[in-house]
Amino acid sequence: MKLGLVVDLDTCVGCHGCATACKQWNTSGTIGPLSDKDPYGRDPNGAWLNRIRTYEVDDSPNSKTVNMPMSCMHCDDAACVTVCPTGASYKRSEDGIVLVDQDKCMGCNLCSWACPYGARELDPDAGTMKKCTLCVDRIYDESLPEDERKPACVLTCPTKSRVFGDFDDPNSEVSQLVRDRAGKQLMPELGYNPVNTYLPPRNKPVVEQYQPSLKATVKGWVNKVISR
Amino acid sequence: MHPAFSVLVFTVMSGAGYGLITLMVIGHLSGLSQLQDSSVLLSAGILSFVMISGGLLSSTLHLANPKNAWRAFSRFKTSWLSREAVFAILLYPFMLIYLGAIWMDMTGAVVSVAGILTAVFAMVTLFCTSMIYASLKTIRQWNSSLTPVNYIALGLMSGAVLLAAVQSVVGGDLAGVLQQLALALVVLGAVCKVIYFFWIGKPAGSTINTATGFTQASVRLLDQGHTSNSFLNDEFGYTVEANKLVRLRLLMLGVAFVVPFLLLLSASSALLVIAAASTIAGLLVERWLFFAEARHVVRLFHGDQRV
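These numbers were taken from a predicted model, which means no experiment stands behind them.

Reading guide: rules and limits
Position numbers for residues count from 1 along each chain, tracking the sequence in the order it is written. Chain A is the first chain written and ligand 1 is the first ligand written, with later ones labelled in order. Totals for whole chains, interfaces and linings use every residue, but because this is a predicted model, local features are given only for residues with pLDDT of at least 70 and side-chain atom pairs only at 80 or more, for both listing and counting. Only hydrogens and water are removed before side-chain values are computed, so all heavy atoms of the structure are retained for them. By definition, any uninterrupted DSSP run of H or I lasting at least four residues is a helix, any uninterrupted run of E lasting at least two residues is a strand, and each is numbered from the N terminus. The quantity called the radius of gyration is restricted to C-alpha atoms. Its globule counterpart is 2.2 Å times the number of residues to the power 0.38. For every residue, the accessible area (1.4 Å probe, protein chains only) is compared with the maximum for its type, and the residue is labelled buried under 20%, exposed over 50%, or partly exposed between those bounds. Should any heavy atoms of two residues lie within 4.5 Å, those residues are considered in contact. All accessible-area figures derive from a Shrake-Rupley calculation using a 1.4 Å probe, and residue coverage is judged against the displayed protein chains alone. All tallies of charge rest on Lys and Arg as positive and Asp and Glu as negative; His and the ends of each chain are not included. Every charge is mapped to an atom, namely NZ of Lys, CZ of Arg, CG of Asp or CD of Glu. Strand pairing is assigned whenever DSSP identifies at least 2 bridges connecting the two strands. Here a salt bridge means any side-chain nitrogen of Lys or Arg lying within 4 Å of a carboxyl oxygen belonging to Asp or Glu. Each cavity reported here is a set of points on a 1 Å grid over the protein atoms alone in which a 1.4 Å probe fits but cannot get out, each pocket an open set with protein on both sides within 12 Å along at least five of seven lines, and each lining residue one with an atom within 4 Å of a point. Grid points are joined across faces, edges and corners, and a volume is the space filled by probe spheres set on the points. Residue type decides the class: Asp, Glu, Lys and Arg count as charged, Ala, Val, Leu, Ile, Met, Phe, Trp, Tyr, Cys and Pro as nonpolar, and the leftover types, Gly among them, as polar. Note on aromatic contacts: the rings of Phe and Tyr and the six-membered ring of Trp form a pair at centre separations within 6.5 Å, being stacked when their planes are under 30 degrees apart, edge-to-face when over 60 apart, and tilted otherwise.

**Student:** Explain the overall build of chain A here, please?
**Tutor:** Within chain A, the regular secondary structure consists of seven helices and 11 strands. Against the compact-globule benchmark of 17 Å for 228 residues, chain A has a radius of gyration of 23 Å, which places it well outside the compact range. Taking the principal axes of its C-alpha atoms as reference, chain A extends roughly 90 × 50 × 40 Å. Residues classed as buried in chain A amount to 52% of the 228 residues present. Sequence separation of 24 or more characterises 59% of the internal contacts of chain A that already satisfy a separation of 6 or more. Split by element, the accessible area of chain A, about 11200 Å² in all, is 52% carbon and sulfur. Of the side chains in chain A, 27 bear a positive and 30 a negative charge, and the two mean positions are spaced by 10 Å.

Structure below.
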């Protein structure tokens, strides 16, 4: 199994719902708490596992606003795991989820340096590295109804822009979406082979322009001339 | 990259300590007459020991959760940081045997074997330290074979200046060989550093387009998603004005290379001590620049067009 997310950049509205739901679930989850420094003060700073950034792509009048939510890509070739000196960072062989053992992490930051996607953030209070767990404490929980065994960000997304599934299964929803919509990896040139895939915005349907006939054009011109 | 002061102190001090002990062992075992006096050897050896140990202790200060630091020995097979920790500790028994043997005026195989192993582990540890940085594909300015070359060249260089200073202070007259060695290594270090500066000045690598996947149009950041800074801004967003960087580069080249070079020509003990202090101070600026000029690819997501 190769579990991960597909994010649809066409429909994401940048509401930060995924980030908030993620923080709410994971702060009391296996790697919790996700602490904040000065949360209600002038300069709040804390560990979040999702970040949503907004870009303007292309130049006016063809420009488009794109919201890009980013969390751990659960890379196939995860450098954050190989650089970890303590063995706290590991990638599960059964489903490919990259996790941090909070009891082993010494907070050296090296994994966050090795990650090109900014997926790892140091907890300012615990001094250990926090990252997306793909809600590992939720997706396998058999006490939940089956359709709720998904990451919190996927369940909460109001536009259904996040899809969770197995990339190893060619018939899964995620694999089909990647095929049909030409899903893209971010920064593929670094060779980390991220699992999470981004669906580029669809091309807008071309609006047909009204083309007046020759007769109508001549008539319009004549009317214009006569009225003068 | 945010330059953590404890890491700057660690890499400069322990680098100089490793360079010092390595050159001292080579000089001692190859029979250089001015490096046979046990008081000179012990002074240089103890200075090296203090600098290495002080540096290693300083390195633990940047850990956010140091109670798990002992676990850093466990991933020798994959992690350069783990390898560095293992070799740094492996060095100690041999260094203590070597210095102890000198203290007890012993000669023979014990001194030679312990000395050679000390020198080898010193260089291997220094190489591992540099590979922590050189192995990161996310930071173009570090991901180069110039990084280990610089770390080793500058470690040997500062070690040579320290060795010349200790030998002339403790042993009286400065040995001509040590003076020439230090002068040569200062020139070599300066050349390596200047080559590095030229190399990182050439634009290359990932851009905001490959980072976001929009490779056929321009991309600009509209909003980073949070109003105050995050861990990512603090760690990777560290930005220094280009003018200030150029001034610091010139200052560093002067203090770390030109001043020691001129003072080394004088061969007076007092000036050599100043040369050694100047080298260390200059290398602290050099290490600060090594971090401040390194641009992590996460910056692309925060709006930088290239790194």
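**Student:** Is there a simple way to think about the pairing of strand β10 (residues 162–166) of chain A in this case?
**Tutor:** For a regular strand, side-chain orientation follows a simple rule: the groups alternate between the two sheet faces. Residue and element names in this part refer to chain A. For β10, the buried fraction is high: five of the five residues fall into the buried class. Every second residue of β10 is oriented toward a common face, with Arg162, Phe164 and Asp166 on one face and Val163 and Gly165 on the other, all of them buried. In terms of strand pairing, strand β1 (residues 3–8) meets β10 through five bridges, oriented antiparallel. For Leu5, the partnering residue across the bridge sits in β10 and is Phe164.

**Student:** So what exactly am I meant to see when it comes to the pattern of salt bridges here?
**Tutor:** For side chains of opposite charge, pairing can occur when their charged atoms come near one another. The tally for this structure, following the rule as stated, stands at 16 salt bridges over all chains. Asp123 of chain A is the salt-bridge partner of Lys130 of chain A, the closest N and O atoms lying 2.7 Å from each other. Judged by its relative accessible area of 2%, Lys130 of chain A falls in the buried class. Given a relative accessible area of 1%, Asp123 of chain A falls into the buried group. Put simply, Glu286 of chain B and Arg287 of chain B hold a salt bridge, and the shortest N to O gap is 2.8 Å. Neither residue differs from the other here; Glu286 of chain B and Arg287 of chain B are each classed as buried. By sharing partners, the salt bridges in this structure join Glu56 and Asp59 of chain A together with Arg220 of chain B into a single network.

**Student:** What exactly am I supposed to notice about the layout of surface pockets here?
**Tutor:** A water-sized probe, rolled over the atoms, reveals where empty space remains. Residue and element names in this part refer to chain B. Of the voids in this model, the largest pocket is the one considered here, and its volume is about 570 Å³. In the lining of the largest pocket, the residues fall into seven nonpolar, five polar and six charged. Size it by volume and the second largest pocket reaches roughly 480 Å³. If you trace the second largest pocket, you find 23 residues lining it, with Ser59, Thr60, Leu81, Glu84 and Ala85 closest to the centre. At five residues, helix α3 (residues 80–103) tops the list of elements feeding residues into the lining of the second largest pocket. Of the residues in the lining of the second largest pocket, the class split is 19 nonpolar, three polar and one charged.

**Student:** Would you mind showing me how to read the packing of aromatic side chains here?
**Tutor:** Each aromatic ring pair is described using two quantities: the centre-to-centre distance and the angle formed by the ring planes. For the structure on display, the rule yields 19 aromatic pairs over all chains. Centroid distance Tyr133 of chain B to Phe290 of chain B: 5.6 Å. Interplanar angle 85 degrees. Geometry classified as edge-to-face. Taken together, the residues span a long stretch of sequence, with Tyr133 of chain B in helix α4 (residues 109–134) and Phe290 of chain B in helix α10 (residues 269–292) at a distance of 157 residues. Classification of Phe290 of chain B by relative accessible area gives buried; the value is 4%. An aromatic cluster is defined as three or more aromatic residues linked by ring pairs; in this entry it consists of Trp113 of chain A together with Tyr133, Trp142, Tyr151, Tyr196, Phe197, Phe290 and Phe291 of chain B.

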